Amino acid sequence: MNPIVAFGLPQGPEWVVIFVVVLLLFGAKKIPELARGLGKSMGEFKKAREEFEREIKHSEAEAHKEDDEVKIKEVAGKEPREI
């Protein structure tokens with residue numbers, strides 16, 4: 001049997017047990033703080049990912065711009081042919 005199928009994601013009753021265990025371990029006052037911290041870290045991760053994507057796109061645009069400039073210089077540097 002496939003282990004992923006045998007030990008898949010928790011269903012309804014398992015989530016209740018997990019929530020009770022977390023509540024007992026951390027207490028009712030700590031759970032909102034943990035959730036707030038998780039939300040902040042997810043926001044920071046999203047900002048970092050968007051910044052990284054922006055940098056990649058910017059670098060790609062610069063590379064294409066430099067390639068176009070080299071092609072223009074090559075064409076401009078050639079002497080006209082006589083027909």
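Undergrad: What's the story with the overall build of the protein chain in this structure? I'm lost.
TA: Across its full length, the protein chain carries three helices and zero strands. When the elements of the protein chain are put in sequence order from the N terminus, they spell out α-α-α. Surface exposure of the protein chain reaches about 8400 Å², of which carbon and sulfur atoms provide 65%.

Undergrad: Is there a simple way to explain the pattern of salt bridges in this structure?
TA: Pairs can form between side chains of opposite charge whenever their charged atoms are close. Enumeration according to the criterion identifies three salt bridges in this entry. With its nearest N and O atoms 3.9 Å apart, the salt bridge here joins Arg-49 to Glu-53. You can see Arg-49 and its partner Glu-53 sitting in helix H3 (residues 30-77), four residues apart, about one turn around the helix. Exposure remark for Arg-49: the relative accessible area of 41% places this residue in the partly exposed category.

Undergrad: How do you make sense of a nonpolar patch on the surface when you look at a structure like this?
TA: There is a patch of nonpolar side chains on the surface, built from Val-16, Phe-19, Val-20, Leu-23 and Leu-24 and spanning about 490 Å² of accessible area. If you trace the backbone, Leu-23 turns up in helix H2 (residues 12-26). Among the residues examined, Leu-23 registers a relative accessible area of 35% and is labelled partly exposed.

Undergrad: Is there a simple way to think about a negative patch on the surface in this case?
TA: On the surface, Glu-55, Glu-62, Glu-66, Asp-67, Asp-68 and Glu-69 cluster together to form a negatively charged patch. With respect to the secondary-structure elements, Asp-67 resides in helix H3.

Undergrad: When you look at the confidence of the model for the protein chain in this model, what are you seeing that I'm missing?
TA: In this model, the protein chain carries a mean pLDDT of 81, and residues with pLDDT of at least 70 account for 76%. Across the protein chain, H2 holds the top mean pLDDT of 87, while helix H1 (residues 3-6) sits lowest at 60.

Undergrad: Whenever I open this one, H2 confuses me. Can you help?
TA: Each turn of an α-helix holds 3.6 residues, which means side chains three or four residues apart point in the same direction. Over its 15 residues, H2 extends 21 Å from the first C-alpha to the last, a length consistent with the 21 Å expected when each residue adds 1.5 Å. Just past H2, the residue Gly-27 takes up positive phi, approximately 85°.

Conventions and cut-offs
- Residues numbered from 1 in each chain as written.
- Predicted model: local features only at pLDDT ≥ 70, side-chain atom pairs only at ≥ 80, totals over all residues.
- Heavy atoms only, no water.
- Helix = DSSP H or I, 4+ residues; strand = E, 2+ residues; numbered from the N terminus.
- Areas by Shrake-Rupley, 256 points an atom, 1.4 Å probe, with all protein chains shown as cover.
- Salt bridge = Lys/Arg side-chain N within 4 Å of Asp/Glu carboxyl O.
- Buried < 20%, exposed > 50% of the residue type's maximum accessible area, 1.4 Å probe, protein only.
- Patch = residues over 30% accessible without salt bridge, like charges linked within 9 Å, V, L, I, M, F, W, Y side chains within 5 Å.
- Lys, Arg positive; Asp, Glu negative; His and termini not counted.
- Charge placed at Lys NZ, Arg CZ, Asp CG, Glu CD.
- pLDDT = per-residue confidence, 0-100.
- Expected span 1.5 Å × (residues − 1).

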